[in-house]
Amino acid sequence: MKKLLGIVVLGLLLSGNAYSGKKDVGKGELIFDDWLVDYFYKYIKGKGFQHPGTFVVAIDGSYATYWYCIDGSNCRAPNEAYYNKACEGSANVECKVFARQREIRWLNGINPGKGKASRISSKVDKNQLKARLTELGFYGDVTSLNVTTTPEKSKKITNVEKKKVVKKYELKGERSIALSWSGYEELIAGTVKFNEADYKGTIKLPLPNNDGTCDGTYSLKEGGKGTWQIACTNNMGAAGTLKWNKNGSVTGHGRDYNDKKVKFTVSKKS
């Protein structure tokens, strides 16, 4: 696992547009380390009004990020290709969709990619999730099938290489954020709370003109680059990339659902 300074916990409010397609879904061997199982477990369980939306993983299993839906009954991703690109900005390798809502879509020769066999219950505990991932070929000393043209030509892959888990450190705090959003004449002020002992970072912003509020998250890795996303109660949201500067301040930019520019600055350490 590449050392992470933060991991996404809450993501974009997803619209009713169609999924991007099969090209954005992962294929091939993928083995979860324990840290990735823990992270996927948090995604599967959700929290309050947050419902699993899209779970994206680096093809080497070194990095992952996810997005939640607020409306669980209409949880559809507007642009999974953009989600993959956002992940790649931090992972530095190709990223693909692993799950849509609670259905694992990654095709490894064992997992069918849809239907009851690929679906994970919201009621699973950690051990049950590990068992399901093992069954589907994504965890433990499993034998995955690399399906070619026919089942008879399937190649068994064994001796899965284990990835090193980096020990976490602890850093907590809260800082102010100023965000400019095309369409709003004034700056939007809010707070960023972080708990890097758990690799979490959250963003809370009140919108001007009584337009509602935005909740979001940021994700950082070693080197200071990362991704961010916000979901708003007015059915809008935005996402993009960010940079953690040496003095502790953070700058970021991105686009909203209507392709309008969004920029922000987080204050440096006090």
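Please read all numbers here as calculations on a predicted model, not as lab measurements.

Asks: Go over the state of the cysteines with me, naming the residues and quoting the values.
Replies: Counted according to the given criterion, the structure contains two disulfides. Here Cys 87 pairs with Cys 95 through a disulfide, and the sulfurs are 2.2 Å apart. Handedness here is read from the sign of the S-S torsion; for Cys 87 and Cys 95, about -60°, the answer is left-handed. On the basis of relative accessible area, Cys 87 is assigned to the buried category, the value being 0%. Each sulfur of the disulfide joining Cys 214 and Cys 232 lies 1.9 Å from the other. A torsion of 95° about the S-S bond marks the disulfide between Cys 214 and Cys 232 as right-handed. Residue Cys 214 is located in strand β11 (residues 213-221), and its partner Cys 232 is located in strand β12 (residues 225-232); the two are separated by 18 residues in the primary sequence.

Asks: Residue-level account of the packing of helix α1 (residues 34-45) against helix α3 (residues 126-135), with values.
Replies: The geometry of α1 relative to α3 is characterised by a closest axis approach of 10 Å and an angle of 115° between their N-to-C directions. Comparing the axis directions of α1 and α3 gives the class roughly perpendicular. The chirality of how α1 crosses α3 is right-handed. Contact with α1, carried on its side by Asp 34, Val 37, Asp 38, Phe 40 and Tyr 41, involves Lys 126, Leu 129, Lys 130 and Leu 133 of α3 and no other residues of that element. Along the lines of polarity and charge, the residues of the contact of α1 with α3 split into five nonpolar, no polar and four charged.

Asks: Explain the packing of aromatic side chains to me, and be specific about the residues and the numbers.
Replies: Summed over all chains, the structure comprises 19 aromatic pairs. Between Phe 32 and Phe 40 the ring centres are 6.0 Å apart and the planes differ by 80°, which places this aromatic pair in the edge-to-face class. A relative accessible area of 0% places Phe 40 in the buried class. Put simply, the rings of Phe 32, Tyr 39, Phe 40, Tyr 43, Phe 55, Tyr 66, Tyr 68, Phe 98, Trp 106 and Phe 138 touch in pairs and so form one group of aromatic residues.

Calculation criteria
Residues numbered from 1 in each chain as written. Predicted model: local features only at pLDDT ≥ 70, side-chain atom pairs only at ≥ 80, totals over all residues. Heavy atoms only, no water. Disulfide = S-S within 2.5 Å. Buried < 20%, exposed > 50% of the residue type's maximum accessible area, 1.4 Å probe, protein only. Helix = DSSP H or I, 4+ residues; strand = E, 2+ residues; numbered from the N terminus. Axes fitted to C-alpha atoms, helices over the stretch in contact; angles between N-to-C directions. Parallel < 35°, antiparallel > 145°, perpendicular 65-115°, else oblique. Left-handed = near helix turned anticlockwise from the far one by under 90°. Contact = heavy atoms within 4.5 Å. Nonpolar A, V, L, I, M, F, W, Y, C, P; charged D, E, K, R; others polar. Phe/Tyr/Trp six-rings, centres within 6.5 Å; stacked < 30°, edge-to-face > 60°.

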